Amino acid sequence: MKTEEKLSPFHSVILIHMIQTGVALFSLPRVLAVQFGTNGWLAVFLFGAIVAIHIWLMSYVYRHSGGRSIFDILEQSIPKFVLSPVYIGLICVWAMLCCLVSKEYILIFKMVAFPTTNPMIFELVVNLLTLWLLGMGVYNIAKAATVFFWFVIWMVFLLTFFYGEFRWARLTPFVFQGGELKMKELYSIYAAFFGYELVLLLFPYANPQTKLMRAAMAGNGLTVAVYLYTCLIAFGFFSLQQLKEMLFPVLDLLAYIKLPFIERIENLLYGFFLFTILITAVMYVWSAKEVSRRMFPRIKGGVLGFIILTLAYLVSYIPDVLSEVLDWLQIFSVIEFWIAFGLPALVGLVLLVQRRRGQPSNG
Amino acid sequence: MNIFRTILQGMLKKPADAANAGQSDMAYEPENVPGVKPTLVHTLYEFQDCMDLTHRAYPEIGVDVLYFGHLVDNHQLAQDVLNPILHIRADEVHMLLRQTQFWPAADSKELIEGILSGQVAIFNGADTYLVNVSGPKERQVSTSESETVITGPHDAFNEQAGACLSLIRKRVKSSHLKVIKLSVGEVTKTDVYILYIQDIANMLYVREAIRRITNIEIDAVHDSNMLIQYIDDNPMSIFPQFLTSERPDAIASKLAAGRVVGIVDGSPSVFSAPTSFFEFFSSSDDYYQRWMLGTATRLLRFLAFGITITFTALYVSVTTYHYEMIPENLLLTIAESRSKVPFPPVYEALLMETTIELLREAGARLPTKIGQTIGIVGGIVIGQAAVQAGLTSNILIIAVASSAIASFVIPSYVMSASIRLIRFGLILLAGLWGNFGLAIALAAIVIHMSGLTSLGSSYLTPVAPFKLEDWRDIFIRAPFGLLVKRPTQAAPPNKVKNKMRR
């Protein structure tokens, strides 16, 4: 007997949260401080709200999709040769995001603890794990995400360690003073919330009991809560000026923790973030694989995943310092932002047309 | 994975083919096909050269008796078979054989298997009968050596399936406890019994277990720990996917929880399915103590699991790559103890871990009296001397010893052995890549476990799929008043087990 391969509500919440959470958290307080100035942590609400609106738009698509995959909906009305460039674009963006996310993680790790190791070896190992996880299907990925979630979420409680040093005075009564907003940077803050858009591809793996859209909302809520709490602590622990200067304020925060028998546990804890990175990476490459299966239905999913990951691995050789990776990530987060907005809009439009024409919507 | 499987299958196939080739050389092909009427001549022919077979002929009444003397209960044999036969005349034989202990045997195969399992065959003219007087030698029901408890019942299963069944039946006095008999092994024809409680066990699991066991095609099965490797979901995994226990109380509780239980004749271990990873950390003791103690012990076991997996690896990782993680005071101690050691920490750790495994293996194979000597040799000579000779550091000995002790805290020996083996992988990765290696290893373990299933249900229940109500009886041992439902993994049709409110 096989367990049913539909996602449960709890798993979906955790999966969405785990795709969203990533290394961006470590630099988030700095970026917020630079962009928004005093009490920059409040901006997390704004971004969370944008994501929530986005998910709300997607829920329109989900309601009218009748559980069909978005590709079925698109292909019903749009000829495949028109869709092919869109598909190729999606595959490229998602595959690149997968490899950039893991490369960023590894380069930071290299900076913190392994200055002489070749990062591409680490990248290879992470990619192998990603491939392994990918081969298990989305249901097992969600299961792994749940376990990884418990490995990571307890770290929130480590922040209680800073209650003693936390000063409300550092937060100041002024909101958003002394920052300089740059459009480009806003995208990269928003990148910390990316991952929710992949919910579009989960339609066929959910049933009405999954309450997929509510799960996505809850997952995003969880992410916002974690980000908000971490940033609040960072803003109350460091001064604004300090935050602006630090490259990874959350890492410095963790480095401050001292236990009688161990200290500077930030690189051990940073190691645990591999789990969130794995889920993020695997879900992006999974999405790329799902799209490529539409283009090459005859090739097995496992083979496609392998090809995509190999190509992504080769491409990830090109940016070899952290700042380059961050530049690339910025470009791709702009693209991803518009995909996250445009894809549901496109599907919604197609659904609207189909309903007008009276075509069956739940085939 | 598939490549491994094909290779393995190939390896398994060859000896079987060779055995077949050997068989065809024999002069006589056994013809005990079902439906062939049994005859004395044919039966004697089948048991040719079996000098342990007893053949008694009573020519005056035309009766022949065949049995294995060592498989039958002599007292019962005399009372049920031999005495009646001795005291009758030829014309009374027909009446005697109408008594209910004499079962007419319809076909030859059934008769031969009957004799082999300790029954007595009686030939009278064209008629053949079997009498069940089997009473094989068995070990007394004694305490379990591998699963001892302080409070609670001390009896354990022995190798006789009948005794195991009686121990379970004594605890579960319900006509709903059903027993299905299967046979495994072309040569050994080992009896396997599947037990479940009707209306509590999910029949999907029962049918799946039966299907898998009937699908086994192998010459011999000697133990239930061996059998479960033929029927588990992922034969390549390092983790046991079915729980085995020698304790009747534990097995009775598994039955009551709606799980399927299997007994293999000749094995004191009884398996239950489906099983989750976390079940291996429970012991019967937890339920016989007050709930807080049970909870504390259970949490201690999970802590022990963490220590076993990571402690030595963390030592290696910290002393190889992350010296900054050691506080200043401790740094001096560690530096002093490591100053004389000429090897990198990973070699040092592997050396000591291997030594501990050697000691454990030697201790397990040797009689208890010599086992003590091993303990002394290992503890004092190797432990102390290795430090003094400057081969290892004191701190490492502490790390290795505590992770070894922690591994023995896990109640299931099979699981604790698996975990000890995984530890080596972690140490190697920690020696190679420090904390990153540790994270990689943990991720790999989790990924592997996420893909595992037991009879098709998730191995990581109740963490994934997430079942919070099960946590009360997995990670802690909540007061009995709160343990209201049966575990969800077994998917029992009848979920509530406790209707009492207190």
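Conventions used here
Residues numbered from 1 in each chain as written. Chains lettered and ligands numbered in written order. Predicted model: local features only at pLDDT ≥ 70, side-chain atom pairs only at ≥ 80, totals over all residues. Heavy atoms only, no water. UniProt positions renumbered as here; feature names shortened; annotations may be inferred. Helix = DSSP H or I, 4+ residues; strand = E, 2+ residues; numbered from the N terminus. Buried < 20%, exposed > 50% of the residue type's maximum accessible area, 1.4 Å probe, protein only. Contact = heavy atoms within 4.5 Å. Areas by Shrake-Rupley, 256 points an atom, 1.4 Å probe, with all protein chains shown as cover. Lys, Arg positive; Asp, Glu negative; His and termini not counted. Charge placed at Lys NZ, Arg CZ, Asp CG, Glu CD. Domains from an automatic or database assignment. Phe/Tyr/Trp six-rings, centres within 6.5 Å; stacked < 30°, edge-to-face > 60°. Pairing = 2+ DSSP bridges. Axes fitted to C-alpha atoms, helices over the stretch in contact; angles between N-to-C directions. Core = buried A, V, L, I, M, F, W, Y, C linked by side-chain atoms within 4.5 Å. Parallel < 35°, antiparallel > 145°, perpendicular 65-115°, else oblique. Left-handed = near helix turned anticlockwise from the far one by under 90°. Nonpolar A, V, L, I, M, F, W, Y, C, P; charged D, E, K, R; others polar.

In the nomenclature of an unreviewed UniProt entry, chain B corresponds to Spore gernimation protein GerA from the organism Gordoniibacillus kamchatkensis.

By the naming in an unreviewed UniProt entry, chain A goes by Spore gernimation protein and is assigned to Gordoniibacillus kamchatkensis. The heading Sequence similarities (unreviewed entry) in the UniProt record of chain A holds the text "Belongs to the amino acid-polyamine-organocation (APC) superfamily. Spore germination protein (SGP) (TC 2.A.3.9) family." Taken verbatim from the UniProt record of chain A, the Subcellular location (unreviewed entry) comment is "Membrane".

> What should I look at first to understand the overall build of chain B in this one?
A tally of regular secondary structure across chain B gives 17 helices and 12 strands. When its C-alpha atoms are laid out on the principal axes, chain B stretches across 100 × 60 × 45 Å. Taken over 502 residues, chain B has a buried fraction of 48%. Within chain B, contacts between residues separated by at least 24 positions form 64% of all contacts whose residues are at least 6 apart in sequence. Working note: accessible area of chain B is about 24900 Å², and carbon and sulfur atoms make up 61% of it. Side-chain charges of chain B comprise 43 positive and 47 negative groups, with the mean position of each set lying 11 Å from the other.

> Is there a simple way to explain the domain arrangement of chain B in this structure?
By a widely used convention, the size of an interface equals the accessible area lost when the partners come together. Here chain B is described as being made up of domain 1 (31-132), domain 2 (161-275) and domain 3 (290-454). The distance between the C-alpha centroids of domain 1 of chain B and domain 3 of chain B comes to 61 Å.

> In this structure, what is going on with the packing of aromatic side chains? I would like to understand it.
The way to describe two aromatic rings as a pair is by their centre distance and the angle between their planes. Under the counting rule described, the total for this entry stands at 58 aromatic pairs over all chains. Measuring from ring centre to ring centre gives 5.6 Å for Phe 109 of chain A and Phe 436 of chain B, while their planes differ by 85°; the resulting arrangement is edge-to-face. Note that Phe 109 of chain A is positioned in helix α5 (residues 80-112) and Phe 436 of chain B in helix α16 (residues 413-450), a pairing that runs across two chains. Overall, the relative accessible area of 0% leaves Phe 109 of chain A in the buried class. Ring geometry for Trp 433 of chain B against Phe 436 of chain B: centres 6.4 Å apart, planes inclined by 65°, an arrangement best described as edge-to-face. Linking Trp 433 of chain B with Phe 436 of chain B, this pair stays in helix α16, spanning 3 residues, or about one helical turn. Phe 436 of chain B shares its class with Trp 433 of chain B; the two are buried.

> Looking at this structure, how should I read the pairing of strand β5 (residues 127-132) of chain B?
Looking along a regular strand, one sees side chains alternate from face to face of the sheet. Residues and elements named next belong to chain B. Here strand β3 (residues 103-104) runs beside β5; their pairing, made up of 2 bridges, is antiparallel. For Trp 103, the partnering residue across the bridge sits in β5 and is Leu 130. Pairing analysis gives 6 bridges linking strand β4 (residues 119-124) to β5, with the strands arranged antiparallel. Looking at the pairing, Gln 119 lines up with Asn 132 of β5. Linking β4 back to β5 in an antiparallel pair, the connection comprises 2 residues, with Gly 125 at a positive phi of about 60°.

> Just to check I follow, could you spell out the sheet that holds strand β10 (residues 270-273) of chain B for this structure?
Where strands meet in a sheet, backbone hydrogen bonds hold them as pairs that are either parallel or antiparallel. Residue and element names in this part refer to chain B. An order of β6-β7-β9-β10-β8 is seen for the 5 strands of this open sheet, with the pairing classed as antiparallel. With one partner strand each, in any of the chains shown, β6 (177-184) and β8 (243-245) form the two edges of the open sheet. Here the strands of the sheet are splayed against their neighbours by 25° on average, with no regard to which way each runs. Helix α8 (residues 224-231) contacts β6, β7 (190-197), β8, β9 (260-264) and β10 of the sheet and is inclined by roughly 30° relative to β10.

> How should I be thinking about the nonpolar core in this particular structure?
Within the largest apolar cluster, 193 residues are counted, with the highest numbers of intra-cluster contacts made by Trp 94, Tyr 105, Phe 148, Leu 202, Ile 279 and Met 283 of chain A together with Phe 436 of chain B. With 20 residues, α16 of chain B is the single largest residue contributor to this core. Those residues in contact with Leu 202 of chain A that lie beyond four places of it in its chain are Leu 7, Leu 15, Ile 16, Val 138, Leu 212, Met 283 and Trp 286 of chain A. Counting 23 residues, the second-largest nonpolar core is a separate cluster that includes Val 192, Ile 218, Val 221 and Phe 242 of chain B.

> Would you explain the packing of helix α13 (residues 345-365) of chain B against helix α14 (residues 368-388) of chain B in this entry?
Helix-helix packing: each pair is described by the crossing angle between the helix axes and the interaxial distance. Residues and elements named next belong to chain B. Taken N-terminus to C-terminus, the directions of α13 and α14 make an angle of 165°; their axes are 9 Å apart at the nearest point. One way to sum up the angle between α13 and α14 is to call them roughly antiparallel. In this structure, α13 meets α14 at a crossing whose hand is right-handed. The segment α13 lies against α14, with Thr 355, Leu 359, Ala 362 and Gly 363 engaging Ile 374, Gly 378 and Ile 382. Its residues placed into classes, the contact of α13 with α14 shows 4 nonpolar, 3 polar and no charged.

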